[in-house]
Amino acid sequence: MENPFERARGLVGGDGPERVRVRPTPSLSHRAILNPYHEPADMSAGRAFFGTGAPVEVEIGFGRPHFLRERLAQAQDRRFLGFEVRRAWCEQVMGFVDREKLDNTRIILSDARPLLLPLLTPGTVSAFYVFFPDPWWKRAHEARRVVSPALLDVMAHLLAPTGAFEIRTDVEAYMERVRAMVDEHGGWTEQPAGIDDLGRTLPLSHREKKCAEAGTPVYRLRVGR
Ligand SMILES: C[S@@+](CC[C@H](N)C(=O)[O-])C[C@H]1O[C@@H](n2cnc3c(N)ncnc32)[C@H](O)[C@@H]1O
């Protein structure tokens, strides 16, 4: 499948190779970090790490990594791939995987979208999580919204038969758009949100904890193929 984000420019994080050339970002160095744009060998290392047959879960935009941290501890049978474009949140992951001696995750400081197809094997992903994506309200910024028909194509291609995509947001209009996009894309079936394929209750993300404290409504959707 051709990567629909291959030539993406001006999106969040930008097109990987282009961004590295134009505005070099110092890469992070840690056993849990993959730097596929700076270290080409990391692409094959990532493919090997996620291609063992163990179920794979992917979180796009983990932010303060509360969900990732709790889920890593909860589901040690799985391998996790986390993407985040802010360095500070990646550094937090480096800290806790060392302290907690975890080796079931790899994270990437970059826009997730162009890297999903090169890194992952079709039919192997148990879950994609997108929690509280930036809404990018302005029409001119619409292309920066993470969830798009192109992302649904990529996820449908990579999901395992029992896999699912789960999204949570406090922006009702964003959820309405995602629901409409999923309906239009076709072939998705709604599942109970907040529960994994083995019936385990999923942790809350940092933003969701804040919403719970403030009494802000959260909209959740989980869909599988
Ligand atoms: C509003 S925050 C939510 C963080 C976290 N998911 C939560 O629920 O607490 C959205 C995060 O997504 C990251 N982000 C946005 N677009 C991204 C992309 N294309 N790839 C990776 N991370 C992205 C942002 O840097 C930000 O940390």
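Look a little higher up for the structure.
Here the structure is a predicted model, which means the values were calculated and not measured. (Residues numbered from 1 in each chain as written. Predicted model: local features only at pLDDT ≥ 70, side-chain atom pairs only at ≥ 80, totals over all residues.)

S.K.: I keep staring at the overall build of the protein and nothing clicks. Help me out?
M.R.: Secondary structure assignment for the protein yields eight helices and seven strands. For a compact globule of 225 residues, the expected C-alpha radius of gyration is about 17 Å, and the protein comes in at 16 Å, within 12% of that figure. In terms of overall dimensions, the protein has C-alpha extents of about 40 × 40 × 35 Å along its principal axes. Counting over 225 residues, the protein shows a buried share of 36%. (Helix = DSSP H or I, 4+ residues; strand = E, 2+ residues; numbered from the N terminus. Rg over C-alpha atoms; globule rule 2.2 N^0.38 Å. Buried ≥ 20, exposed ≤ 12 C-beta atoms within 10 Å, placed from the backbone.)

S.K.: What exactly am I supposed to notice about the site of the ligand here?
M.R.: Taken together, 24 residues lie near the ligand, and Gly61, Gly63, Phe131, Ser205 and Arg207 sit nearest. Elements that contribute at least two residues to the shell around the ligand include exactly β2 (79-84) and α8 (206-214). Sort the elements by how many residues they give to the shell around the ligand and α8 lands first, with three residues. Across the shell around the ligand, the residue classes tally to eleven nonpolar, five polar and eight charged. (Near = placed C-beta within 6 Å. Nonpolar A, V, L, I, M, F, W, Y, C, P; charged D, E, K, R; others polar.)

S.K.: Before we go on, may I ask you to explain helix α6 (residues 149-158) in this structure?
M.R.: Residue pairs three or four apart in sequence face the same way in an α-helix, which turns once every 3.6 residues. Looking at α6, one finds that the buried residues are Leu151, Leu152, Val154, Met155 and Leu158. Summarising the axial view, the buried residues of α6 lie within an arc of 165°, below the 170-degree limit, and thus occupy one face. Elements that come into contact with the buried residues of α6 comprise α5 (116-119), β4 (125-131), β5 (159-169) and α7 (172-185). (Arc of directions from axis to C-beta. Contact = placed C-beta atoms within 7 Å.)

S.K.: So what exactly am I meant to see when it comes to the sheet that holds β2 here?
M.R.: To summarise the sheet geometry, strands pair through backbone hydrogen bonds and adopt either a parallel or an antiparallel arrangement. Ordered in space as β3-β2-β1-β4-β5-β7-β6, the seven strands form an open sheet in which the pairing is mixed. Each end of this open sheet is capped by a strand with a single partner; those strands are β3 (105-109) and β6 (189-191). Put simply, the sheet's adjacent strands are angled 20° from each other on average, direction ignored. Here β5 pairs with strand β7 (residues 219-224) via six bridges, running antiparallel. Its bridge partner being in β7, Thr169 is matched across the sheet by Tyr219. Sheet strands touched by helix α2 (residues 41-50): β1 (56-60), β2 and β3. Its angle to β2, the strand with the most contacts, is close to 140°. (Pairing = 2+ DSSP bridges. Axes fitted to C-alpha atoms, helices over the stretch in contact; angles between N-to-C directions.)

S.K.: Even after reading the chapter, I still don't get the environment of Asp98, so can you show me in this structure?
M.R.: Its location among the elements puts Asp98 in helix α4 (residues 87-99). Judged by local crowding, Asp98 falls into the exposed class, with 12 C-beta atoms found within 10 Å. Distance from Asp98 to His30, taken between C-alpha atoms, is 9.7 Å for residues 68 residues apart in sequence.

S.K.: I'm lost on α4 in this one. Help?
M.R.: Over its 13 residues, α4 extends 19 Å from the first C-alpha to the last, a length consistent with the 18 Å expected when each residue adds 1.5 Å. Inspection of α4 places Cys90, Gln92, Val93 and Val97 among the buried residues, and these make up the whole buried set. One side of α4 holds all its buried residues, which, seen down the axis, span an arc of 150°. Turned more than 90 degrees from where α4 packs its buried face, Ala88, Gly95, Asp98 and Arg99 sit exposed. Contacts made by the buried residues of α4 are with α3 (66-74), β2 and β3. (Expected span 1.5 Å × (residues − 1).)

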